[in-house]
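Listed below are the residues making up each chain.
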Amino acid sequence: MRRRDFLYMTGLGLGASMLESVPVFGRAISIEEALTPVDVKLKKRMADVALNSAKSKGATYADVRIGRYLNQVVATREKQVQNIANTESYGLGVRVIANGSWGFAATDNLSDDSIAAAAASAVAIAKGNSKLLTEPVQLAPQQGFGEVSWKTPFEVNAFEVPIKEKVDLLLNVNSEALKGGAKYVNSNLFMVNEQKYFASTDGSYIDQDIHRLWPTFTVTKIDSAGGKFETRTAMSSPMGMGFEYLTPKDSEKIKGGPVTMYKKRYDMLEDVTEATVHVEEKLKAKPVQPGKYDLVLDPTHLFLTIHESVGHPTELDRVLGYEANFAGTSFLTLDKWESKKFNFGSKQVNVIADKTEQGSLGAVGYDDEGVKCGKWDIIKDGILVNYQTIRDQAHILGLKASQACCYADSWDSIQFQRMPNVSLAPGKAPLSAAEMVKNVEKGIYMFGRNSYSIDQQRYNFQFSGQLAYEIKEGKIVGMLKDASYQSNTQEFWNSCTQLCGQEDYRLGGTFSDGKGQPGQASAVSHGCPTSRFNGVNVINTGRQLG
Amino acid sequence: MAILSKEEAQAILKKVLSFSKADSCELSLNGSDGGNIRYARNAVSTAGQISKMSLAVSSTFGKKTGMATINEFDDESLKKVVARSEELAKLAPENPEFMPLLGPQQYADAPTFNAKTAAITPDSRAEMVGKSLQVSKAAKLEAAGFLENSTWFNAIMNSKNLFAYNKSTDISFSVTVRNQEGTGSGYIEQRFNDLDKMDTLALSKIAASKATGSAGAKAIEPGKYTVILEPLAASDMLGNMFRGFDARSADEGRSFMSKKGGGTRIGEQLFSENVNIYSDPMNPDVPTAAWNNDGVPINKTQWIENGVVKNLSYSRYWAEQKGVKPLPFNRSIVMEGGTQSLEELIKSTEKGILVTRFWYIRSVDPQTLLLTGLTRDGTFYIENGEIKFPVKNFRFNESPVIMLNNVEALGKPVRTGNGMIPPMKIRDFTFTSLSDAI
């Protein structure tokens, strides 16, 4: 069975639950095993077997990734636990250049013979592919770092927190929802630990321990007589953090608006209590009148618009055509970048790629081809100034080094260009969301991610939120339903007129962004402040079935 | 040795069961062997070959279940995986929805395996891609594509003597062909169990002709149009709809299949009378294993008959709650159609839009199943029975339920993804904006 079939079937079985978007693979293991990492000396020895075998077979470059991928999922609905799973996937992937072509092979049999055979097979595949080569691979130079390591900064390792504590938290969340009149509630905790070892013929031996987690829920209320139902999902964000994210802290909350917002600490119980009120309001909300509105977009919503309309079109492999058969290409063609005056957005719009931001999903020390991570401008004062690149693309932009955007979702996947954290810089002056709303005459204030769709070159998009509030003459007057906005990327970012300040800046993110064939998932964050976009087209998506 | 025969699989599973000390034990053994080749900008970019096998053991004490998996098959490893699943079961909370295991069942032997497909090598994959590249290079177009084949087996056994085995093969190919100016794009994809049906040369020619034919697209006003959906476009809409053919979410009141006041819409005329959809694991064009992961037999099932909802899927648990028989869903749906070809459907159309495929379909409203998405890789204006000119891509907002109420005509079904889907002529399909994407 293929991976996408598995995902689809999982989705079928679980109905409306969110499990379908999160792949969980590998063998199930006990928690004790999960906490014992593989000895780094053993990993170095295995890596050297692969590198030496590749070189002896004629590789001019080789890198090897030894990956141990741990996932833990706790899934509940109402008063019961649906699933607790600990899984592990462990193996080795070797990538080589031979005769100017890439080759790759992977194995989960980690004997010396099997590793050497995988390396030899990668070289054979590279030599085979070189017959169809049009231009040889050009790698940006990369120094070797010797033996180094990096670890996600966290306070509490989520894998060390007892399962019982996690189950209790989720069942308490469900109990609050049911108390608040919810008919159904699903709550889930997803935890990931990537123990990755990278070595290359450049002389790097990089050991990394990467942690992510995502707490989330969906609350459902039913109007049975009217044949209607509404849901509200969590205002949490998946984070590159430990379990401390789930310890509420007042200084990390933004209160005073229609929805409590969370920075780097999340209060799941408080959020679910609010959600039960919101979902009731959604059942009674007024249908939106289609037309032009000024949109005030909260980071829980805007992060995904940034992901789709700025993150994806600035991936250099899409621009060049390598993703044409699946995800698509990009409207941000090289001539627009070369002109140094392509007006992507208004002057307020500054978008930064950053693989180092603490707490973000994309933060790592080094990427999956051994390049040290950094930070760079993509949109500067509204102008397109850069893309996202890896070692074999850097020369196309005249760069002397890769921007460290290489990632593989497993030891048996081939690493390729993936999105770094791509974030919208906050405004320079302090400004709260409440103050921003005061100046809006006719607007909609949107929170949370809902439906999102964008074309294959990233021009035309349609998005909706979990919650949409009508703003009239500077005041929030009530909740709206069936509101989606449709726009064109360049027009939309040029309609950005105001950004809240640093104090409102928050991270949103996605745990499983899909790309490539065969498909691979990656996790990425997008920071932004609450932002205002003037005169955006809003449609009403309400329909009647017979 | 990732592909085991029925006898080999049975022998391993029997041995594993002999190590079990739990009240009940379920085993699932699967292996796959396959490879892929990816190309872009008229050259191969990546290629790989993957072979793996894995065993999952589910042990239950009372209503507490634990699961563990392993990919080593010596006796010690097999004992270890059974013991681990038993340890996890003892730590797990009770599952109130736990269902006692099924006993032995009778399954049909579905024609899912093809020896020629199983024998594909990296060289034969490269040769098939070479044919595709030949088309794009000769026409001075640029191709990006993906070819993948796999052979896999699944076997399940439980402590109540249930055993099931299936072996399948699959080959899939897709290619996007674009012109050098980036003003035209065409696409095709195809999937079969049988290698002999796959013709990468002919398929690439279709994608190339769409790339050339879609160049210089004109903008026409969005609005409601009669559309002819090629099977690929129609299939994506149907796939999104069938995710909701689940009795539990309907009974719970959170599906478009929920009835006002409670219950499901089984028995209601929800679609046009010419809509008939079933699934059948024995269908030679879209065969599937005749059992699901729980060991429930999958038989021929009518889902929609003359526009009436006949069945929704029931898990074993939900079936027991509702006092009905469990009914697994089978993704390999067959939608009955007519005898007309796509060309004949075009000929019979006064004014309309021909859609090659849709892209980025997302649910907008689960209550009405309103979906949004865009046309892609070949959208054309039809007038007086002829394709007149290419048009710019549209965004649509439409529900497949409404769409299947507006069926004007159905053509001859063809293999599309996992199903047999006809091209469809649909009136009043709602396009809401234009896209500049090519």
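Note that the structure is predicted; figures quoted are calculated from it, not measured. (Residues numbered from 1 in each chain as written. Chains lettered and ligands numbered in written order. Predicted model: local features only at pLDDT ≥ 70, side-chain atom pairs only at ≥ 80, totals over all residues.)

Engineer: I keep staring at the overall build of chain A and nothing clicks. Help me out?
Structural biologist: The helix and strand inventory of chain A stands at eleven helices and 28 strands. Along the longest, intermediate and shortest principal axes, the C-alpha atoms of chain A span 70 × 55 × 50 Å. In chain A, which comprises 546 residues, the proportion classed as buried is 58%. By sequence separation, contacts in chain A at least 24 residues apart represent 75% of the contacts at least 6 residues apart. (Helix = DSSP H or I, 4+ residues; strand = E, 2+ residues; numbered from the N terminus. Buried ≥ 20, exposed ≤ 12 C-beta atoms within 10 Å, placed from the backbone. Contact = placed C-beta atoms within 7 Å.)

Engineer: In this structure, what is going on with the UniProt feature "domain: Metalloprotease TldD/E N-terminal" (unreviewed entry) in chain A? I would like to understand it.
Structural biologist: In this structure's numbering, the residues bearing the UniProt feature "domain: Metalloprotease TldD/E N-terminal" (unreviewed entry) are residues 62-126 of chain A. The distance separating the terminal C-alpha atoms of residues 62-126 of chain A is 11 Å; by composition the span is 23% helix and 65% strand. (UniProt positions renumbered as here; feature names shortened; annotations may be inferred.)

Engineer: Is there a simple way to explain the sheet that holds strand β5 (residues 163-179) of chain B in this structure?
Structural biologist: Strands in a sheet are paired, the pairing made by backbone hydrogen bonds, and the direction either parallel or antiparallel. All names here are of chain B. Within the open sheet, the six strands sit side by side as β3-β2-β1-β4-β5-β6. Their pairing is antiparallel. The sheet is open, and its two edges are formed by β3 (64-70) and β6 (185-192), each paired on a single side. The mean angle between the axes of side-by-side strands here comes to 15°, regardless of whether they run parallel or antiparallel. Note that strand β2 (residues 43-61) and β3 share seven bridges and pair antiparallel. Bridged to T60 within β3 is T65. Relative to strand β1 (residues 24-40), helix α1 (residues 6-18) is tilted by about 135°, and along the sheet it contacts β1, β2, β4 (141-158) and β5. (Pairing = 2+ DSSP bridges. Axes fitted to C-alpha atoms, helices over the stretch in contact; angles between N-to-C directions.)

Engineer: For this particular structure, what's the right way to read the pairing of β6(B)?
Structural biologist: On a regular strand, one side chain projects to one face of the sheet and the next to the other, so that they alternate. All names here are of chain B. With eight bridges joining them, β5 and β6 adopt antiparallel strand pairing. Within the sheet, the bridge partner assigned to V177 lies in β6 and is G186. Here β5 folds back onto β6, and the loop between the two strands holds five residues, one of which, G182, carries a positive phi near 75°.

Engineer: Teacher, can you tell me more about the environment of A:F416 here?
Structural biologist: All names here are of chain A. Counting through the fold element by element, F416 comes out in strand β17 (residues 416-417). Along the primary structure F416 and Y245 are separated by 171 residues, whereas in three dimensions their C-alpha atoms are 30 Å apart. Once residues within four sequence positions are removed from consideration, F416 is found in contact with D317, C406 and G516.

Engineer: Even after reading the chapter, I still don't get the UniProt feature "domain: Metalloprotease TldD/E N-terminal" (unreviewed entry) in chain B, so can you show me in this structure?
Structural biologist: When the UniProt feature table is mapped to this numbering, "domain: Metalloprotease TldD/E N-terminal" (unreviewed entry) covers residues 25-89 of chain B. Annotation note: span residues 25-89 of chain B, helix share 23%, strand share 65%, distance between end C-alpha atoms 11 Å.

Engineer: Mind showing me how you'd approach helix α5 (residues 163-179) of chain A here?
Structural biologist: Note: α-helices contain 3.6 residues per turn, so residues at a spacing of three or four share the same orientation. All names here are of chain A. For α5, spanning 17 residues, the distance from its first C-alpha to its last is 24 Å, which sits close to the expected 24 Å at 1.5 Å a residue. Of all the positions in α5, only K166, L169, L170, V173, N174, E176 and A177 are classed as buried. One side of α5 holds all its buried residues, which, seen down the axis, span an arc of 160°. Exposed positions of α5 whose direction lies more than 90 degrees from the buried face are K164, E165, D168 and K179. For α5, the elements touching its buried residues are β2 (61-77), β6 (184-200), β7 (204-223) and α6 (268-284). The positive-phi residue at the C-terminal boundary of α5 is G181, with phi of around 95°. (Expected span 1.5 Å × (residues − 1). Arc of directions from axis to C-beta.)

Engineer: Help me out: how do you make sense of the interface of chain A and chain B in this one?
Structural biologist: Size of an interface, as often reported, equals the accessible area lost when the parts are brought together. Facing 57 residues of chain A, the contacting portion of chain B comprises 76 residues. Class assignment for the residues of the side of chain A that touches chain B results in 26 nonpolar, 24 polar and seven charged. (Nonpolar A, V, L, I, M, F, W, Y, C, P; charged D, E, K, R; others polar.)

Engineer: What am I meant to see in the packing of α5(A) against α6(A) here?
Structural biologist: The packing of two helices is summarised by the inter-axis angle and the distance between the axes. Residues and elements named next belong to chain A. The contact between α5 and α6 brings their axes to 8 Å, and the two run at 25°. In this view, α5 runs roughly parallel relative to α6, as classed from their interaxial angle. For α5 against α6, the interelement crossing comes out right-handed. Taken together, the residues of α6 that come into contact with α5 (itself represented by L169, N172, V173, E176 and A177) are M268, L269, V272, T273, A275 and T276. Split into classes, the residues belonging to the contact of α5 with α6 amount to seven nonpolar, three polar and one charged. (Parallel < 35°, antiparallel > 145°, perpendicular 65-115°, else oblique. Left-handed = near helix turned anticlockwise from the far one by under 90°.)

Engineer: Please explain unusual backbone geometry as it appears in this structure.
Structural biologist: If a residue is not glycine, its phi is most likely negative; likewise, a peptide bond is most likely trans. With an omega of -5°, the peptide bond running from A:Q517 to A:P518 counts as cis. By the element assignment, A:P518 lies in the loop between β26 (506-515) and β27 (520-528). Positive phi, normally seen in glycine, also occurs at B:N42, with a value near 60°. Within the fold, B:N42 resides in the loop between β1 and β2. In this structure, B:N306 is a non-glycine residue whose phi angle is positive, near 45°. Positionally, B:N306 belongs in the loop between β9 (301-305) and β10 (308-309). When the 13 C-beta atoms within 10 Å are taken as the criterion, B:N306 is described as partly exposed.

Engineer: Any chance you could explain the UniProt feature "domain: Metalloprotease TldD/E C-terminal" (unreviewed entry) in chain B here in plain terms?
Structural biologist: The positions that UniProt labels "domain: Metalloprotease TldD/E C-terminal" (unreviewed entry) are, in the present scheme, residues 222-432 of chain B. Along residues 222-432 of chain B, the helical share is 16% and the strand share 36%, with 5 Å between the first and last C-alpha atoms.

Engineer: What is the right way to read the domain arrangement of chain A from this model?
Structural biologist: All names here are of chain A. What the domain assignment lists for chain A is domain 1 (3-284) and domain 2 (287-540). A straight line from the C-alpha centre of domain 1 to that of domain 2 covers 21 Å. Taken together, the 54 residues of domain 1 in the interface contact 50 residues of domain 2. Of all elements in the fold, only α1 (3-14), β2, β3 (80-98), β4 (101-107), β6, β7, β8 (228-233) and α6 reach the threshold of two or more residues within the side of domain 1 that touches domain 2. In terms of residue count, β7 provides more of the side of domain 1 that touches domain 2 than any other element does, six residues in total. Taken together, the residues that form the side of domain 1 that touches domain 2 break down as 25 nonpolar, 17 polar and twelve charged. (Domains from an automatic or database assignment.)

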